[in-house]
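Examination of the molecular architecture
Residues per chain are reported as follows:
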Amino acid sequence: GSRVALLGPSGAGKSTIAALALRIVAPQAGQVLMGGTDLAHLPIDRARAQFAWLGQDTHVFQDSVRANLLLADPDAPDDALWRALTTARLAERIGALPAGLDTILGGAIQLSGGEQRRLALARALLSPAPVLILDEPATGLDAATEHDFFATLATATAGRTVLLIVHRLTGAEQVDRVWRLTGGQAVAATG
């Protein structure tokens, strides 16, 4: 249930940590442990099921809102989709679309950058994974939208473990601990 921020400049290895957790890459040395279990010893689908991921690039597919959300949990009922959209502060916008959840995105129906981030957040929130990894989730957002996004994120992730990977803290994030990645080492940030 804690929220941890991992800070560091570009190229420091922050995104590599997410890739290691998701088993997109394997460690060159050592282990990646979760709860004392080496993720390499778990079947890849079981290891990946431990993490929901929201990356730097928001992927909204030219398909229905419903299809975009069901990528995280194919069996999620409509009420769960609406709860995730409500938590991500996007339910009102989707409810106003011509076919609601069945509206096809792209073409005539475009979402703003902030709305795409919120849809991606709703998708990540639908995942039953215990850990949510957010890798530069506010990339490309203006300052006001970024502030609103992090305010939404604080509410939306209550009770979940969150790893927030960012270049810098803007002050809008609510975290329990901050680590700086320096020289390949995570060092606890002070004051």
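Predicted, not measured: the structure shown is a model, and the values here were computed from it.

Here's the deal with the overall build of the protein
What the protein contains, in helices and strands, is seven helices and eight strands. Taking 191 residues into account, the globule formula puts the C-alpha radius of gyration at 16 Å, and the protein, at 17 Å, falls close to it. By its C-alpha atoms, the protein is 50 × 40 × 30 Å across when sized along the principal axes. Here the protein holds 191 residues, and 42% of them are scored as buried. Taking all contacts inside the protein whose residues are at least 6 apart in sequence as the whole, residues at least 24 apart take part in 72%.

Examining the pairing of strand 5 (residues 131–135)
Taking burial as the measure, the five residues of strand 5 include five buried ones, the bulk of the element. Taken together, strand 5, helix 7 (residues 143–156) and strand 6 (residues 161–166) constitute a β-α-β crossover, and its handedness is right-handed.

A few points about the sheet that holds strand 7 (residues 177–182)
An order of 4-5-6-1-7-8 is seen for the six strands of this open sheet, with the pairing classed as mixed. Strand pairing shows two members of the sheet lacking a second neighbour, strand 4 (51–54) and strand 8 (185–188), which therefore form its edges. Pairs of neighbouring strands in the sheet enclose a mean axial angle of 20 degrees, with direction left out of account. Running at roughly 145 degrees to strand 6, helix 1 (residues 14–21) makes contact with strand 1 (3–7), strand 4, strand 5, strand 6 and strand 7 of the sheet.

Comments concerning the pattern of salt bridges
Overall, the coordinates contain four salt bridges when judged by the stated rule. Across the pair Arg83 and Asp79 runs a salt bridge whose closest N-O atoms are separated by 3.2 Å. Pair noted here: Arg83 and Asp79 are both in helix 4 (residues 78–87), with a separation of four residues, about one helical turn. Look at Asp79 and you get partly exposed, because its relative accessible area is 45%. Several salt bridges share partner residues, and in doing so they unite Arg66, Asp78 and Asp102 into one network.

Cut-offs applied
Residues numbered from 1 in each chain as written. Predicted model: local features only at pLDDT ≥ 70, side-chain atom pairs only at ≥ 80, totals over all residues. Heavy atoms only, no water. Helix = DSSP H or I, 4+ residues; strand = E, 2+ residues; numbered from the N terminus. Rg over C-alpha atoms; globule rule 2.2 N^0.38 Å. Buried < 20%, exposed > 50% of the residue type's maximum accessible area, 1.4 Å probe, protein only. Contact = heavy atoms within 4.5 Å. Right-handed = clockwise from strand over helix to strand, strands pointing away. Pairing = 2+ DSSP bridges. Axes fitted to C-alpha atoms, helices over the stretch in contact; angles between N-to-C directions. Salt bridge = Lys/Arg side-chain N within 4 Å of Asp/Glu carboxyl O.

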